[in-house]
Structure formats: C-alpha cells, structure tokens
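So you can see what is in the structure, the chains are spelled out below.
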Amino acid sequence: MKGISRRDFLATSGAAGAVAGLTVADSAIAQSSTTFPDSLFPSKPVNRGDTGQLPPFAVRVLNKASFGPSRGDLAAFNALGANDTQRLQAWVDDQLNPAPTDPEVDARLSGLTTPGQDFDTINKTGPQLWAEHVRFEGADEFSVRIRPTVQMERLVLLRGAYSQWQLRELLADFWNNHFHVFSFLSNETRGYMPAYDRDVRQHMFGNFFDMLLTNTRNAAMLFYLDNFRNSWPNPNENYAREVLELHTLGAVENYYGAVAPVTVPDNSQGQRAGYTEIDVFQFARALTGWSVADGNDGAADTGEFLFRPGRHYDFSDGPIQVMDINIAADGGETDVTQILQYLADHFGTARFIATKLCQRLIGDELPPALIDNIATEFFNRRADSDQLREVYRAILLSPEFQNAWGEKARRPLETLMRAWRAADVDFTPVASNGTSGSILGRLEQAGQRPWDIEPPTGFPDFKEFWQGTGTLIGTWRTVTYLLTRDNILNLAAETNSLLPTAPQRTPTNIASSWFNTALGFIPEAEVITEVVQFISNIAAVGVDEPLDNASNVDTTNTSNGSRYQRIMRASVGLIIMLPVGQRR
C-alpha cells in the first residue's frame, strides 16, 4: 500500500471496522486493532514462490473458478474422485453444463418475480422493458425507469452468493465486463439491463460470433456507444472503434495505428495481422443504419434491433474495406455481419480473448505457451457451437490453472462475495430492504458497483489497480458492514455451533475453527500465531484459556450487544479479510 502504513490502515478500516459499535469501556478491543505486525498484511499477494506452501487443491480451484467455497463445497469437491485430477475433471464437467434450475437462487426468488415484487423486472422481455420502463412516463418516473438496474444489481449479489453454478456466475461477470455497458448512462441503459444480461448469458457457453452479433444488436449497447444514430454521410466511429479495440482484436497487439493498411503484414493464419485507423473508419461506414426501433422515422417503438437502409452507406465513395473483407455493393445488414464473422474468426481475436480469460482465471502474468495453446483452441473451434465451453475447459484443465496460486488480487465485488459465502450469510438482497442499498453504496465507494463504471473498458483486471489504499479501505468497510448486520448473521452463535461447549472456546480453537470454516485451510504458522494472539488480547484471556474466564464475557450470550458477539465480529472479520484469504 502507498501513503499509509498497514497498521494505520487496520486502525482506520478492517479490524477497526469489525469492532464498530464497541463502547469506550471496550478500549482493549478497539486498541488491539493496531497491534498487527506487517507480516499479516504483505504488500502483495503471496504465491507459492514466496512461501513454498500451497493450500489444498480444492481450495485453490474453488477460489479461482468461483467466488469462493461456501459451507460444504470443499467436501463436495473432494468427494468427486479418488485424486485431484479426477475431482477437477468432474467438477469442470458439471460446472460447464449448468442446469436450468439453481436451487437456492430459485428458492430466494420464489414469489419475488411477480408484479410489484422486488425482482419483477428480471424476466421481462426486451419490448416489455422498453415499454414499461425505458418509455415510462408518470408518477415516480425515474424510479420506474431505473427499477430494472436496481433489481439487476441485487441479482448479481444474490447469484454470486448462492448460485450452485459458481463458474457460470464468474464467467457472466467476465463477459458483462468484456462487453461493458454503463447502466446508469441513460433511460435506455437503465431500463434495459435484464435483457442485456440475458443476451450475455445466452451465448457464454456457445459460439463467440453468436455472442458478438447478439451484443451488437442489443439496445443497451447501441445507445451506450451511440451507434443507434450512426448515419451516412456522417458516420460515428465510436462503436466501430470499441468493437475492434475492446470486443475483438484488442487495442495493443493487433493495432497498427495511422498507417496504410497495405503495410500491415499477415499473421500465422494468413490473415491481415491487425487493423489501422482506416479500418476503424471503414467499419463505421458499415455500421451506419445499425440501429434501434425507437419510434423515429416511422419505426415502431419497441427497443428491438432495427436496420435502417436509408441511413446506410450508399457506396458513393467506393467499397468498404475492413482488413481482409472487401464489400463492393450494398448488402444491407450483411455488410456488418460478414465483418463481425471475420473478426470473430480472426486469430488476433482468439489471442486477445484467450489472454483475458487466462488473466481472469489464472493470473496477470502468463507464460506465452499457455496463451498460444488457448488461442489455438479458440481459433480451431471457431465454427463449433460449444466453442467457448471448450476454451474454458482447456484453461481449467491446464497445468497453469492447477498450479497457480495467489497470482490475482480479488476485486471488491469478489471479496464481498467470498466473505458472504465463507460466513454463510443468510440474506436475500432486495430493494425494499435498506441493507442491500447500503452494501451497494459501499461497493460503489470501493470502486466496483455492478455496471457502475463509465468507460467502455469496464473494470480493470490487474492486481495493481485494486491495491490502492482507497479501494482496500472501501472493500473492508463493505465486508465489515455485511458481517455486522445482526439481522442476517450471528457470528457468536456460528462460533458456538463450531465449538459446542464453553471450555472449547479458546482463542486457539476459535482461530483454528474459523480458518477451516472461512478459508478451508490452516495458513502459515506466523499468521495463526498473530490471529490467536489478537483474539487473546481483545478477550483478555490466555491463548488456550476459555473466553468465559474473562470478565464480562459469557459465550452463551450471543445477542447483538453482547461482548462475546463483538469479540467474534472482530475476530472472524479479521480472519475473513486477511490477505491470506484474498488470494486467488
């Protein structure tokens, strides 16, 4: 961290926040939040090369390919086979083929998707969302128009916390970020997010071209990047540029800048290796007329995709030439679709997306051979209906995925989801409950409220961006808020279920039980010792002495205001938020 010591950080955020609500008389607890040595909070994630120690295989898999293990997940994973190879294969097969049902998510949504309830927009069709929210006029106009986004934000939390199909939720987060839309931009984006997310999910185990084409036709994207009004003879380059820079070829490796296209060499597949500024302009020409039925120019007002021939390039200035695609005569919609097919099938797109997927699932620094292998898998399967599913499989079964640990820093949303699952929080985030709004508000301060970032690049996915002091403090405050809501979580009672009798409730046993429960493993001895000492200090008992031996501590009193409850909030909050638990 820069600009603040780790002890000062603790004093103002994580452990200090975890003991929020303590009285002045509890100064020993409050003051103890500044006693951690720097060894507990290293400046970067610790990987195998730093310590020579790895957590169990199941812990590594479920922390990298899901939002983190919930109760019973590690045991379930370990029951899938006789060895790690069999277990991973079985888990991957299961997660890559999610069923239509999602038991706990479905149960929590039951009764809440009917009109007037907290999730009544999430199953609406695009035209329904357009008519009932985007175009709504009347009382409470803004709240009706933004209602779909409000509900989708909470659905992200609900699915991340409780979905059986954790890999799907992690990948949905990836693709919603890859094809990012700033949902708060306009009425058209605010009111359309359920349909946008649905389109992403429809294709994320299928073929990339199908996903790309569907995305280009979605009203939220067409309004976000202004293509809904892209018309000849004054084309708007904005969307064309982002399709090339962000959605397909990337903005670095395959971009050649302001040079003549004929000077760009071919790649290993005989395709033109990349694009130029001229290609951006030519693609913008092709995208003219690619629009939305918004009631203008005699069109219906449904929000559905609409190609407007009268706004399309008339070829008066010659053919459209985008890289290897030459279009000499007006083909209408197919002018765009054949360019999109070419981009989806380009080896540069394969390398760009392979790199991003490996960075999400493995680490920021990747061996070139891995990218070559995954890009080749992506390219060779470009015509397959299950192209993306098989690309994910290749990544998850790779030695690099299996062996990497601690190469990624969790972003705020991921940290919140991991804490939610680790602490076994029982809470359905609905708009009618102010707690969910407070959680999202804190996520916003931490920097990762769902869909709430304006640039089309979306949320960064490299650890340095998320390791600043402001982000860390905001994340700790978000998780602390969740863990201290007495109406959704009772950490003292949870501890008593782990340690049923009072004599068992010693600092050593409490730390050990919660490390196993929240992290799934016992970390380095140095970390254990410091955490045990922290609990001993705040409870004012010896490390192997029952907490009930301390004055004013009754471990049978698990009420919200009890001293025991506050001690456990501080202790469990610390264990869950230690950097050892933030590794991926």
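Everything that follows concerns the structure shown earlier in this document.
Residues numbered from 1 in each chain as written. Predicted model: local features only at pLDDT ≥ 70, side-chain atom pairs only at ≥ 80, totals over all residues. Heavy atoms only, no water.

(A) Representation of empty space enclosed by the protein. Inspection of every chain in the model, using the stated rule, returns four cavities of 30 Å³ or more. In this structure, the largest cavity occupies an estimated 240 Å³ of space. As for the largest cavity, its lining consists of 18 residues, of which V156, D173, N176, L413 and W451 are closest to the centre. Every element with two or more residues in the lining of the largest cavity is listed here: helix 10 (141–162), helix 11 (166–178) and helix 13 (193–203). Residue contributions to the lining of the largest cavity peak at five residues, all from helix 11. Residue classes in the lining of the largest cavity are distributed as eight nonpolar, five polar and five charged. In terms of lining, the second largest cavity is formed by V59, N63, P69, W405, R418, A422, A518, L519, F521, V580, G581 and R583. Among the elements of the structure, helix 5 (57–64), helix 23 (412–422) and helix 27 (507–519) are those that each provide at least two residues to the lining of the second largest cavity. (1 Å grid on protein atoms, 1.4 Å probe; cavity = no way out; pocket = protein on both sides within 12 Å on 5 of 7 lines; lining within 4 Å. Points joined across faces, edges and corners; volume = space filled by probe spheres on them. Helix = DSSP H or I, 4+ residues; strand = E, 2+ residues; numbered from the N terminus. Nonpolar A, V, L, I, M, F, W, Y, C, P; charged D, E, K, R; others polar.)

(B) Geometry of the environment of D426. Take D426: it is sitting in the loop between helix 23 and helix 24 (434–446). Assessed through its relative accessible area of 51%, D426 is described here as exposed. For the pair formed by D426 and R389, sequence separation is 37 residues and the distance between their alpha carbons is 32 Å. Excluding residues within four positions of it along the chain, D426 makes contact with R108, Y162 and I488. (Buried < 20%, exposed > 50% of the residue type's maximum accessible area, 1.4 Å probe, protein only. Contact = heavy atoms within 4.5 Å.)

(C) Up close: unusual backbone geometry. With an omega dihedral of 20°, the bond running from W232 to P233 counts as a cis peptide bond. Following the sequence through the fold, P233 ends up in the loop between helix 15 (219–224) and helix 16 (238–248). Unlike most non-glycine residues, D424 shows phi in positive territory, near 60°. Note on placement: D424 falls in the loop between helix 23 and helix 24.

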